[in-house]
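As a plain string of letters, each chain reads:
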Amino acid sequence: MKFKRQRSQEVGVDLTPLIDVVFLLLIFFMVSTTFTRESHLEVDLPEASGDPVAASELRQIDVVINAEGQYILNDKALVNNRRETLERGVSELAEGDSSLPFIITADARTPHEYVVRAMDVAGRLGFTKLSITTEREAESR
């Protein structure tokens, strides 16, 4: 019996599905990657032994923190020391103007947590002119 030989097809790899899969993976990783927006605050720390800075007559946000962590915004005490209350008070004072000077004055015995909370609120609201006040050093005799 004589069998007819079948023609052998060329063996090859079709690259089209492979390219599709590579593009899908590329799109997946581009979309799923989280892009963090880093915000930097410029902190102007005055020299403790320098000359005192003259008070400006411009509008500004003054945050005073006493030793117990109580916040005082422009001479008005807040009802509590939670971040939400501070953020709401600052945004009402600023009226959307984040270019105002943001000045933090804290007691020497204030826990660090409350100062960092005030700085965090300033950063969240977009303030870039942040100053921390200090008391002038007493000269030793």
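This write-up is about the structure you can find in this document. (Residues numbered from 1 in each chain as written. Predicted model: local features only at pLDDT ≥ 70, side-chain atom pairs only at ≥ 80, totals over all residues. Heavy atoms only, no water.)

Residue position: Ala 108 is located in the loop between β5 (102-106) and α3 (112-124). For Ala 108, a relative accessible area of 81% puts it in the exposed group. Ala 108 sits 26 residues away from Thr 134 along the chain, and the two C-alpha atoms are 9.2 Å apart. (Helix = DSSP H or I, 4+ residues; strand = E, 2+ residues; numbered from the N terminus. Buried < 20%, exposed > 50% of the residue type's maximum accessible area, 1.4 Å probe, protein only.)

With that settled, the discussion passes to the pairing of β5. One ladder, built from five bridges, connects strand β2 (residues 61-65) with β5; its direction is parallel. Of the residues in β5, the one forming a bridge with Ile 61 is Phe 102. Both β5 and strand β6 (residues 130-132) contribute to a ladder of three bridges, which runs parallel. Bridge pairing in β6 links Ile 104 to Ile 132. (Pairing = 2+ DSSP bridges.)

Let's shift gears to the packing of aromatic side chains. Tallied over the full model, the rule gives three aromatic pairs. Seen in terms of ring centroids, Tyr 71 and Tyr 114 are 6.3 Å apart; in terms of plane orientation they differ by 75 degrees. Their pairing is edge-to-face. One end of the pair, Tyr 71, is in strand β3 (residues 71-73); the other, Tyr 114, is in helix α3, with 43 residues separating them in the sequence. Here the two residues Tyr 71 and Tyr 114 agree in accessibility, since each one is buried. Measuring from ring centre to ring centre gives 5.1 Å for Phe 102 and Phe 127, while their planes differ by 45 degrees; the resulting arrangement is tilted. On the criterion of sequence distance, the pair formed by Phe 102 in strand β5 and Phe 127 in the loop between α3 and β6 is long-range, its members being 25 residues apart. Given the relative accessible area of 0%, Phe 102 is considered buried. A residue is classified by how much of its surface remains accessible, and Phe 127, at 2% relative accessible area, is buried. (Phe/Tyr/Trp six-rings, centres within 6.5 Å; stacked < 30°, edge-to-face > 60°.)

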